[in-house]
Amino acid sequence: MEVTTGWYLVLGALLFVIGGTGLLIRRNPLVMLMCVELMLNGVNLSFVAFSRTLGDVGGQTVVFFVLVVAAAEVVVGLGLVVAILRRQPGTTADDLSALKG
Amino acid sequence: MVDTLVFIVAAVVCLVGALGVVLARNPVHSALMLVMTLFGVAVQFVAQEAHFLAAVQVIVYAGAIVVLFLFVIMLLGVDRAQSLEMSFLPVQRWAALLFASGSLAVVVALILAVGEPVTGLEAMGGALGSTDDVRLLARSLFSDYVYAFELTSLLLVIAVIGAVVLVRKPRETDAVVAEDRGDA
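Residues numbered from 1 in each chain as written. Chains lettered and ligands numbered in written order. Predicted model: local features only at pLDDT ≥ 70, side-chain atom pairs only at ≥ 80, totals over all residues. Heavy atoms only, no water.

*Asks:* Where do I start with the overall build of chain B in this structure?
*Replies:* Scanning chain B from terminus to terminus reveals 7 helices and 0 strands. Burial status across chain B gives 30% buried among its 184 residues. Here the analysis covers contacts within chain B between residues at least 6 apart in sequence; of these, 54% occur between residues at least 24 apart. (Helix = DSSP H or I, 4+ residues; strand = E, 2+ residues; numbered from the N terminus. Buried < 20%, exposed > 50% of the residue type's maximum accessible area, 1.4 Å probe, protein only. Contact = heavy atoms within 4.5 Å.)

Next up, the structure:
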């Protein structure tokens, strides 16, 4: 059996779906951020697979930018989590309904 | 044959790690499982000759982002086990199930339907070939994508400033606000 692009794409899709499901069912904000990282990794895998298939380095460049954005997102997200959990220890995403109106 | 074996082993590592992130009750275990997934993805990058991205994946993700997660977990002391069943919104479980099955079905159906998606167009960012990918990536990054590259530096500065502002102690913020009011 030969490993084709479709295999990588299916693996990326599986990672994306597992991450998205975790984002929906977990209530701990830290684990939710980790699930976002899983989703980003699934997409990165697809980008690299297409980059290889099409022989274009642009896909790898996009992955580089996704890494930078992921790092910035984690920094700001964890800053928010620290600020929220310092005020109300043990809070979950369901408790943050102050803006519900 | 070796390619297939590497793919299967790394894919199993990725998927077990991903399921571990979602299903582990302890956030520390989730973070460690995330490292496992990231290493699996790095192996997949190497298998597709994206060596630079594999190195960056290990250094930035496993070395910086996960360590940041672990720092925050330890700092806040939230490293205790939590039930997976706590406080679901009524429709949330079904929404998650619908999202998972629906999006997976759509994506896999698309992949199977399209097959090998080659458009035949010329590569815009430089063709991957026999030369090393670092050289090609650098040329692409500093020529075609140079504005985006500069914008990411701006993004990183904003993220650092935002993080510092967010995690300041509330008392200091109040003092600054009072001081500003006093001056005005």
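*Asks:* Whenever I open this one, the state of the cysteines confuses me. Can you help?
*Replies:* Covalent bonding between the sulfur atoms of two cysteines defines a disulfide. Going through the model one piece at a time under the given rule, you end up with 0 disulfides over all chains. Cysteine A:Cys35 remains unbridged, with the sulfur of B:Cys14 as its closest cysteine sulfur at 15 Å. Judged by relative accessible area, A:Cys35 falls into the buried class, the value being 0%. Accessibility expressed as a relative area gives 0% for B:Cys14, which makes it buried. (Disulfide = S-S within 2.5 Å.)

*Asks:* Teacher, can you tell me more about helix H2 (residues 29-54) of chain A here?
*Replies:* For an α-helix, 3.6 residues make a turn, and residues three or four places apart therefore share a direction. Counted at 1.5 Å a residue, the expected span for H2(A) with its 26 residues is 38 Å, and the 38 Å between its end C-alpha atoms agrees. Two residues or fewer past H2(A), A:Gly55 is found with a positive phi of approximately 65°. (Expected span 1.5 Å × (residues − 1).)

*Asks:* What should I look at first to understand the interface of chain A and chain B in this one?
*Replies:* Often, the extent of an interface is quoted as the loss of accessible area upon association of its parts. Every contact between the two is made by 73 residues of chain A and, on the other side, 82 residues of chain B. Of the roughly 6,800 Å² buried between chain A and chain B, counting both surfaces, carbon and sulfur atoms make up 78%. Seen at the junction of chain A and chain B, the total is 0 salt bridges. The interface formed by chain A and chain B includes 6 residue pairs in polar contact (both at pLDDT 80 or more). (Buried area = accessible area lost by both parts, 1.4 Å probe. Salt bridge = Lys/Arg side-chain N within 4 Å of Asp/Glu carboxyl O. Polar contact = N/O pair within 3.5 Å; in protein donor to acceptor, adjacent residues only side chain to side chain.)

*Asks:* What is the right way to read a nonpolar patch on the surface from this model?
*Replies:* Residues B:Met1, B:Val2, B:Val6 and B:Val43 make up a contiguous nonpolar surface patch of roughly 390 Å² in combined accessible area. Position of B:Val43 relative to the elements: it lies in helix H2 (residues 27-47). (Patch = residues over 30% accessible without salt bridge, like charges linked within 9 Å, V, L, I, M, F, W, Y side chains within 5 Å. Areas by Shrake-Rupley, 256 points an atom, 1.4 Å probe, with all protein chains shown as cover.)

*Asks:* What should I look at first to understand the side chain of B:Gln44 in this one?
*Replies:* Mapped onto the fold, B:Gln44 is located in helix H2. Beyond its immediate stretch of four places on either side in the chain, B:Gln44 contacts A:Tyr8, A:Leu11, A:Leu45, B:Phe7, B:Ala10 and B:Ala11.

*Asks:* I keep staring at the packing of helix H3 (residues 58-87) of chain A against helix H6 (residues 146-166) of chain B and nothing clicks. Help me out?
*Replies:* Geometry of a packed helix pair, given as the angle between the helix axes and the separation of the axes. Orientation of H3(A) relative to H6(B), taken along the N-to-C sense of each, is 10°, at an axis distance of 9 Å. For the element pair H3(A) / H6(B), the angle class is roughly parallel. Facing A:Phe64, A:Phe65, A:Val68, A:Val69, A:Ala72, A:Val75, A:Val76, A:Gly79, A:Leu80 and A:Ala83 of H3(A), the residues of H6(B) in contact are B:Ala148, B:Phe149, B:Thr152, B:Leu155, B:Leu156, B:Ala159, B:Ala163 and B:Leu166. In the contact of H3(A) with H6(B), the residues fall into 16 nonpolar, 2 polar and no charged. (Axes fitted to C-alpha atoms, helices over the stretch in contact; angles between N-to-C directions. Parallel < 35°, antiparallel > 145°, perpendicular 65-115°, else oblique. Nonpolar A, V, L, I, M, F, W, Y, C, P; charged D, E, K, R; others polar.)

*Asks:* Sorry if this is basic, but what is going on with the side chain of B:Gln48 here?
*Replies:* Within the secondary structure, B:Gln48 sits in the loop between H2 and helix H3 (51-76). Taking the relative accessible area as the measure of exposure, B:Gln48 reaches 3% and is therefore buried.

*Asks:* Help me out: how do you make sense of the confidence of the model for chain B in this one?
*Replies:* If pLDDT is low for a region, its predicted coordinates should not be looked at in detail. All names here are of chain B. Chain-level pLDDT for chain B is 81 on average; 76% of the residues reach the 70-or-more range. Between the elements of chain B, mean pLDDT differs from a low of 55, seen in helix H7 (residues 170-183), to a high of 93, seen in H2. Both scores are available for the predicted complex, with the pTM at 0.84 and the ipTM at 0.90. (pLDDT = per-residue confidence, 0-100.)

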